[in-house]
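Listed below, chain by chain, are the residues.
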4 protein chains.
Amino acid sequence: MNAAALWTRLAGARVFDLEQPRFAGMPIHPAHKPGYHYGLHRRHRDTYRPERFGPRSGSSGILTMMEHSGTHIDALCHQACDLQFYRGVAVDKTERSDGYTEYGAETIAPLLARGVLLDIAGWKQVDRLPPNYAITAEDLDGCARHATIEVRPGDVLLVRTGFASAWQDEAAYLNAAGVSKSGNLWTAERRVRAVGADNMAWDCMTEKDPDTNMVLFGHAHLLVTHGIHIIENLVLDELAASGHREFCFVGVPLKFRGATGSPIRPLALVD
Amino acid sequence: MNAAALWTRLAGARVFDLEQPRFAGMPIHPAHKPGYHYGLHRRHRDTYRPERFGPRSGSSGILTMMEHSGTHIDALCHQACDLQFYRGVAVDKTERSDGYTEYGAETIAPLLARGVLLDIAGWKQVDRLPPNYAITAEDLDGCARHATIEVRPGDVLLVRTGFASAWQDEAAYLNAAGVSKSGNLWTAERRVRAVGADNMAWDCMTEKDPDTNMVLFGHAHLLVTHGIHIIENLVLDELAASGHREFCFVGVPLKFRGATGSPIRPLALVD
Amino acid sequence: MNAAALWTRLAGARVFDLEQPRFAGMPIHPAHKPGYHYGLHRRHRDTYRPERFGPRSGSSGILTMMEHSGTHIDALCHQACDLQFYRGVAVDKTERSDGYTEYGAETIAPLLARGVLLDIAGWKQVDRLPPNYAITAEDLDGCARHATIEVRPGDVLLVRTGFASAWQDEAAYLNAAGVSKSGNLWTAERRVRAVGADNMAWDCMTEKDPDTNMVLFGHAHLLVTHGIHIIENLVLDELAASGHREFCFVGVPLKFRGATGSPIRPLALVD
Amino acid sequence: MNAAALWTRLAGARVFDLEQPRFAGMPIHPAHKPGYHYGLHRRHRDTYRPERFGPRSGSSGILTMMEHSGTHIDALCHQACDLQFYRGVAVDKTERSDGYTEYGAETIAPLLARGVLLDIAGWKQVDRLPPNYAITAEDLDGCARHATIEVRPGDVLLVRTGFASAWQDEAAYLNAAGVSKSGNLWTAERRVRAVGADNMAWDCMTEKDPDTNMVLFGHAHLLVTHGIHIIENLVLDELAASGHREFCFVGVPLKFRGATGSPIRPLALVD
């Protein structure tokens, strides 16, 4: 096989764009407020002096942004258990004013992998799951069986709640359905490389683990125990509607040194 | 062919990472200072209360960033000629406090295309081209012939100056070689979809177009006249050393609504 | 008289602090969102290395802030009528990416002047005026007469609505009472140097001038027509309760070059 | 005496403005880079719609700022010794993502006090002291004696190095003269309330305390041991030239909750 075929294949693939648009006013998790602001400050007329500099002018702005705003991927330094990261790396030895010396966003390799969609909302024949619904292992398993799709080691597993359409409505969006503890255990057993959902936190944000009192169980179980990255705020509607349940997943985080996550624009490609 | 083959191909490809690392202190163009800052403010010990909330803790920071810092791609609204963008769209009708209503970064489609590398430094058998050297049409043509590589419509054309290794030295990096007017004319004739280089501005920053008095001729000629995107601050050394001159280019800008560019982590894939 | 007496007088004066506390979550005008964020990123343990550097350590953070957040004063470049500032200075000739070349915050002289308080809420014997109540010329005049206080040229005139106590409740605060068109005409006639109120915009935000269709009539009439500065988000409760209606006003804006306003911590001093 | 006299006195006083102008490009301490940026993003033409909204338009920007940029005052939480602040308050109990729960900038009372200027450069008959010159106790004492000025408890003590004129030249400014260890011991003995200088750090930045290995001895000795605030980046040239050595000092920090300092525009008033 040669490279030519590869770019021809990619250029010819159908591309599903899984990123939400980024703008001031998009839903932001309370811990990550204000989240996002872009101000255009250099405008074209500012430097337009045709008699001296010719016809060309430039423009640009300034972004102020939490790394957990918009569609993004969590780095392994984002979460710790008992002040240890994945594989026992100590928080205290790696925490700096400008980020972490280990497991920062720059350490996330590009994700070029088999992607699998479990469309829980579609399987349950609803536009959206109920607010704060906790998706169980049984849900994931049932949906996968129904679609006759297998989740395999190394996959990127995407779970659809139907809440992407609430992106203009922060209050509704922050009450999205998410994955329960049992769902997270099921997921980790499948040894996927990364997971993602069309909600703010992957996890069901209102569920508390009775054993530890922890909220966001999956953040601990996936990122810390298993080193599985989490992608949040995906758009999965068009992909779900297309009927594709397996696809080529392309997700390329930015190398923000030491940061606890990165914005990302994931793509699902099918021939 | 089916999707399965596609992810297998991608997962098995050799991946060249063309992005520079992002950190405060990386070289920044004077017009885009201060460029980049990441401050970690939520630290793990801040929320670590095991007796009440279990073992889990989270951490995150705040990014302040010009969209033209680090490895990035220019949106078509970044440059204008006589206050018009590509295809005559008027600056004045589209300029807002929060960006442009047309040609913002969110309008750049993912780049999944044939990529071509013209390693000018390597062809001239130098580690780096001389400071501020202006790469001519003859250089591009000669290098392409020597490598027996053809630049085709729709390609992403990458040009190597050798200055990526000066990424820790702003003064040296800002004097990188770049593409001359003749090189830009040659490039546009080939109807590529995007270009990129391992320097700050693609163009030779010290060259002034004698016909218009304009600096950064290519910014006008490519972005405004031809709608060809420009990618800056690439790392091309490992790709060049590998000997590959054509490859599958993967570059996925973020949808910062109305912004004049986006950070990007481009990849070159070969089987 | 000599300087010694001056500092003795000031050091002995009773000081009323008229500034609201600044924190993420304080009320912000929709046009100035997100308004305010402070992230502590350099922490003491980061640099604490007693064996090498001795016992000392330092800490600091990063502020992201709109200049119209919190208690602040408007510069004359903040508002224009028909694209002209006070005294006919043209917007287009003074607007830059980094602010205005005239009438920026750095041009506001320190305010050391007679201050006068018209406590409209107190005069009407209510804790707060009704939401969006528009304070009329008759209100200002009646309150001044009742307090037998004269508003004189060069004064700083403060008007109390009673809404400072809603500083923890953005929804309530954004519906504060404010000064009506007639109140602004009355104010300008008195040729005061600056005005201030315990609300977001000085003006009644829901009132529209029937003659021009303009909201925030006072912003045009005071800043543009008369060159009178406006101070917003004051705390006037303790001052009002003290019974003082005239005092020494001390307000010192910061010289943010070209900015359209400045945070300020005004003081009212009485012997 | 009544309040009327107070405002008349203040309004009639000669005012020396001790604040440097604030702009991107002013000198910034390496630990506080990038320090300062103001971007104007809402411009007047953006909202100017006279036919619909009348003649008025507004404009504003976004500030990104370290609290230790420009002329500013240090809060007591800025410095610690052995992880304790002034009076033994523990760093670990007060440090939060959004600042300190004790000794933040909001706790600094307005400074209305006797001010004293020790013009060391003038006394030594030089425009500027030599780069990195360390001002000794003998210098302070000799200068005070020569000026027959006494430094008293509760004063604000200002020390002039002559480096304010290097505000456009960061390299020169960062090598300003400053106060030595002996000078800091002398200062603290006088039980002043605050100190300030026309340099980046008050202290001589190149001096290391031989007993502890500490740089910035005064930051520990004044802020931590004695609770004396430090003001940096003052302009003292006009005040020095006026011949006034005692004056009424007015300095009003902003209440940035939890922040380690505040920008400030100090004034020196003389009758």
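Let me sum up the structure you'll find in this document. (Residues numbered from 1 in each chain as written. Chains lettered and ligands numbered in written order. Predicted model: local features only at pLDDT ≥ 70, side-chain atom pairs only at ≥ 80, totals over all residues. Heavy atoms only, no water.)

1. A short note on the overall build of chain A
A tally of regular secondary structure across chain A gives 10 helices and 17 strands. Taking 271 residues into account, the globule formula puts the C-alpha radius of gyration at 18 Å, and chain A, at 20 Å, falls close to it. For chain A, the residues scored as buried account for 64% of the 271 residues in total. Across chain A, the fraction of contacts at a sequence separation of at least 24, relative to all contacts at a separation of at least 6, is 75%. Roughly 9,100 Å² of accessible area belongs to chain A as shown, and the carbon and sulfur atoms make up 49% of that amount. When the 28 basic and 32 acidic side-chain charges of chain A are each reduced to a single mean position, those positions are 8 Å apart. (Helix = DSSP H or I, 4+ residues; strand = E, 2+ residues; numbered from the N terminus. Rg over C-alpha atoms; globule rule 2.2 N^0.38 Å. Buried < 20%, exposed > 50% of the residue type's maximum accessible area, 1.4 Å probe, protein only. Contact = heavy atoms within 4.5 Å. Areas by Shrake-Rupley, 256 points an atom, 1.4 Å probe, with all protein chains shown as cover. Lys, Arg positive; Asp, Glu negative; His and termini not counted. Charge placed at Lys NZ, Arg CZ, Asp CG, Glu CD.)

2. Some thoughts on unusual backbone geometry
Residues and elements named next belong to chain C. Here the residue pair K33 and P34 is connected by a cis peptide bond, since its omega of 0 degrees sits within 30 degrees of zero. Tracing the backbone through its elements, the reader meets P34 in the loop between β1 (14-17) and β2 (36-42). Phi is positive for T148, close to 45 degrees, though the residue is something other than glycine. Position of T148 relative to the elements: it lies in the loop between α6 (137-146) and β11 (156-160).

3. Brief notes about the interface of chain C and chain D
By a widespread convention, an interface's size corresponds to the accessible area lost as its parts come together. Counting residues at the interface gives 96 residues for chain C and 95 residues for chain D. Of the roughly 8,200 Å² buried between chain C and chain D on both sides combined, carbon and sulfur atoms contribute 61%. Its largest share of buried area at the contact with chain D, chain C owes to W7, R56 and K255 of chain C, together 10% of the area lost on that side. Inspection of the chain C/chain D interface yields four salt bridges. Across the pair D92 of chain D and R45 of chain C runs a salt bridge whose closest N-O atoms are separated by 2.4 Å. For the pair chain C and chain D, the number of links is 50 residue pairs in polar contact (both at pLDDT 80 or more). In terms of residue class, the side of chain C that touches chain D is built from 51 nonpolar, 23 polar and 22 charged. Judged from the five bridges that link them, strand β4 (residues 60-66) of chain C and strand β4 (residues 60-66) of chain D form a sheet pairing that is antiparallel. Among the inter-strand pairings, I62 of chain C is bridged to a residue of β4 of chain D, identified as M66 of chain D. (Buried area = accessible area lost by both parts, 1.4 Å probe. Salt bridge = Lys/Arg side-chain N within 4 Å of Asp/Glu carboxyl O. Polar contact = N/O pair within 3.5 Å; in protein donor to acceptor, adjacent residues only side chain to side chain. Nonpolar A, V, L, I, M, F, W, Y, C, P; charged D, E, K, R; others polar. Pairing = 2+ DSSP bridges.)

4. What to know about the relation of the copies chain A and chain B
Between the two copies of this chain, the relationship is a rotation about some axis together with a displacement along it. Laying chain A over chain B is done by rotating through 180 degrees and shifting 0.0 Å along the axis; what remains is an RMSD of 0.0 Å. In the structure described here, the two chain copies are related by an operation that fits a two-fold rotation axis. Judged by C-alpha distance, T64 of chain A is the residue of chain A that lies nearest the rotation axis, at 2.3 Å. Residue by residue, 100% of the interface of chain A is reproduced at the interface of chain B, so both copies engage with the same surface. (Least-squares fit on C-alpha atoms with pLDDT ≥ 70 in both.)

5. Thoughts on helix α9 (residues 217-225) of chain A
All names here are of chain A. Counted residue by residue, α9 has eight buried out of nine residues, so it is predominantly covered. Taken together, the buried positions of α9 are occupied by F217, G218, H219, A220, H221, L222, L223 and V224. G227 occupies a position one or two residues after α9 and carries a positive phi of about 65 degrees.

6. Some points on the pairing of strand β2 (residues 36-42) of chain B
Residue and element names in this part refer to chain B. Counted residue by residue, β2 has seven buried out of seven residues, so it is predominantly covered. Bridge analysis of β2 against strand β4 (residues 60-66) gives six bridges, and the strand direction is antiparallel. Across the sheet, the residue bridging to Y36 is M65, located in β4.

7. As for the pattern of salt bridges
Going through the model one piece at a time under the given rule, you end up with 80 salt bridges over all chains. Its salt-bridge partner being R114 of chain B, residue E246 of chain B comes within 2.8 Å of it at the nearest N-O pair. Pair noted here: E246 of chain B is in strand β15 (residues 246-251) and R114 of chain B is in strand β9 (residues 111-119), with a separation of 132 residues, a long-range link. Between R160 of chain C and D119 of chain C there is a salt bridge, and its shortest N-O distance comes to 2.8 Å.

8. Focus on the sheet that holds β2 of chain C
For sheets, the rule is that strands pair by backbone hydrogen bonds, running either parallel or antiparallel. Strands sit in the order β2(C)-β4(C)-β4(D)-β2(D) across an open sheet of four strands; the sheet is antiparallel. The sheet is open, and its two edges are formed by β2 of chain C together with β2 (36-42) of chain D, each paired on a single side. For this sheet the average axis-to-axis angle between neighbouring strands, irrespective of direction, equals 10 degrees. (Axes fitted to C-alpha atoms, helices over the stretch in contact; angles between N-to-C directions.)

9. Digging into the packing of helix α6 (residues 137-146) of chain D against helix α8 (residues 181-189) of chain D
Residue and element names in this part refer to chain D. Taken N-terminus to C-terminus, the directions of α6 and α8 make an angle of 50 degrees; their axes are 7 Å apart at the nearest point. If you check the angle between α6 and α8, you find them oblique. In this structure, α6 contributes A137, E138, L140 and D141 to the contact, and α8 contributes S182, G183, W186 and T187. (Parallel < 35°, antiparallel > 145°, perpendicular 65-115°, else oblique.)

10. Looking at the interface of chain A and chain B
Each partner contributes residues to the interface: chain A has 95 residues there, and chain B has 95 residues. In total, chain A and chain B occlude about 8,200 Å² of area from one another, counting both sides; carbon and sulfur atoms represent 61% of this. On the chain A side of the interface with chain B, the three residues burying the most area are W7, R56 and K255 of chain A, jointly 10% of the side's total. Taken together, the connections running from chain A to chain B amount to four salt bridges. D17 of chain B is the partner of K255 of chain A in a salt bridge, and the nearest nitrogen-oxygen pair spans 2.9 Å. For the pair chain A and chain B, the number of links is 50 residue pairs in polar contact (both at pLDDT 80 or more). Residues of the side of chain A that touches chain B, tallied by class, amount to 50 nonpolar, 23 polar and 22 charged. As judged from the three bridges shared by strand β6 (residues 79-81) of chain A and strand β3 (residues 56-58) of chain B, these two strands associate in the antiparallel manner. Residue pairing for β3 of chain B: Q79 of chain A is matched across the bridge by G58 of chain B.

11. A closer look at helix α6 (residues 137-146) of chain A
Residue and element names in this part refer to chain A. Taken together, the buried positions of α6 are occupied by A137, D139, L140, G142, C143 and A144. On its buried side, α6 packs onto β9 (111-119), α5 (120-123), β10 (134-135), β11 (156-160) and α8 (181-189). Positive backbone phi, at 45 degrees, marks T148, one or two positions downstream of α6.

12. So, the environment of L239 of chain B
Residue and element names in this part refer to chain B. Looking at the secondary structure, you find L239 in helix α10 (residues 237-242). Of the residues examined, L239 reaches a relative accessible area of 1% and is grouped as buried. Sequence spacing of L239 and V15 is 224 residues, and the spatial spacing of their C-alpha atoms is 9.2 Å. Those residues in contact with L239 that sit more than four places away from it in its chain are F16, L18, L117, H244, R245, F247 and A268.

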